[in-house]
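Inside the fold
Residues per chain are reported as follows:
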Amino acid sequence: MASKGASGVVRVPEMEKLSLEQLKGLKEQSDLEVNLLQDSLNNIRTATSRLDIASNALQDLSLRPQGKKLLVPLTASLYVPGTLDDADKVLVDVGTGYFIEKTIAEGKDYCGRKINLLKSNYNQLVEVVSKKKSIADEAGVILQSKLRQGAPTT
């Protein structure tokens, strides 16, 4: 295939030297990568939203008195009745089935740090998506012009 520049992006003059099959392959691969990266962006947005909800829930929990009756979520759709015993300590899911006991302030801090990390990753991924999309668009333009040049005129 075409050689890539220092940034890993195929340059336009190099794209123009590619055959029709290579251009089609480059466009299809770039489009596929853009779609996969878009899915990753959606996953990051979802995770950020869930962490925001968790942080707000921690704030709400800190305002409730001890002994307060509430519903405890076991899954996304299954809740069981419970009583608030100690609102100062919470279990934080740190992934792969591990939970750590933290204070509410530490839990909020954890959520905040994760949100900041996800936002940073999101911004970096947006840049990558933009570059991949421009490669796909450029390959499409060059492919269209080559097809027009090769097509017989009437």
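Because the structure is predicted, anything quoted here is derived from the model rather than measured.

Cut-offs used in this document
Residues numbered from 1 in each chain as written. Predicted model: local features only at pLDDT ≥ 70, side-chain atom pairs only at ≥ 80, totals over all residues. Heavy atoms only, no water. pLDDT = per-residue confidence, 0-100. Contact = heavy atoms within 4.5 Å. Patch = residues over 30% accessible without salt bridge, like charges linked within 9 Å, V, L, I, M, F, W, Y side chains within 5 Å. Areas by Shrake-Rupley, 256 points an atom, 1.4 Å probe, with all protein chains shown as cover. Salt bridge = Lys/Arg side-chain N within 4 Å of Asp/Glu carboxyl O. Lys, Arg positive; Asp, Glu negative; His and termini not counted. Charge placed at Lys NZ, Arg CZ, Asp CG, Glu CD. Helix = DSSP H or I, 4+ residues; strand = E, 2+ residues; numbered from the N terminus. Buried < 20%, exposed > 50% of the residue type's maximum accessible area, 1.4 Å probe, protein only. Polar contact = N/O pair within 3.5 Å; in protein donor to acceptor, adjacent residues only side chain to side chain. Axes fitted to C-alpha atoms, helices over the stretch in contact; angles between N-to-C directions. Parallel < 35°, antiparallel > 145°, perpendicular 65-115°, else oblique. Left-handed = near helix turned anticlockwise from the far one by under 90°. Nonpolar A, V, L, I, M, F, W, Y, C, P; charged D, E, K, R; others polar.

**As for the confidence of the model for the chain**
- Chain-level pLDDT for the chain is 87 on average; 89% of the residues reach the 70-or-more range.
- Taken together, the stretch residues 1-7 has pLDDT below 50 and engages in 13 contacts with residues farther than four places along the chain or on a different chain.

**Here we look at a negative patch on the surface**
- Negative charge collects at one region of the surface, where D85, D86, D88 and E101 lie side by side.
- Tracing the sequence through the fold places D85 in the loop between β2 (79-83) and β3 (89-95).
- Judged by its relative accessible area of 57%, D85 is exposed.

**As for the side chain of T48**
- Inspection of the secondary structure assignment puts T48 in helix α2 (residues 20-63).
- Owing to a relative accessible area of 11%, T48 belongs among the buried residues under this scheme.
- Among the polar contacts listed, one links the side chain of T48 to the backbone oxygen of I44, at a separation of 2.8 Å.
- Excluding residues within four positions of it along the chain, T48 makes contact with I115, L118 and K119.

**Looking at the environment of I104**
- For I104, the position within the fold is in helix α3 (residues 104-150).
- If near-sequence neighbours (up to four positions away) are discounted, I104 is found in contact with L58, L61, S62, A87, D88 and V90.

**Examining the packing of α2 against α3**
- With their axes 7 Å apart at the nearest point, α2 and α3 run at an angle of 160 degrees to one another. Viewed along their axes, α2 and α3 adopt a mutual orientation that is roughly antiparallel. In this structure, α2 meets α3 at a crossing whose hand is left-handed.
- Of the residues in the contact of α2 with α3, the class split is 27 nonpolar, 10 polar and 12 charged.

**Here's the deal with a nonpolar patch on the surface**
- Together, V72, L74 and L78 make up a nonpolar patch on the protein surface, roughly 250 Å² of accessible area in all.
- Structurally, the position occupied by V72 is in strand β1 (residues 69-73).

**Notes on the environment of G82**
- Within the fold, G82 resides in strand β2.
- In contact with G82, not counting residues within four places along its chain, are K68, K69, L70 and V72.

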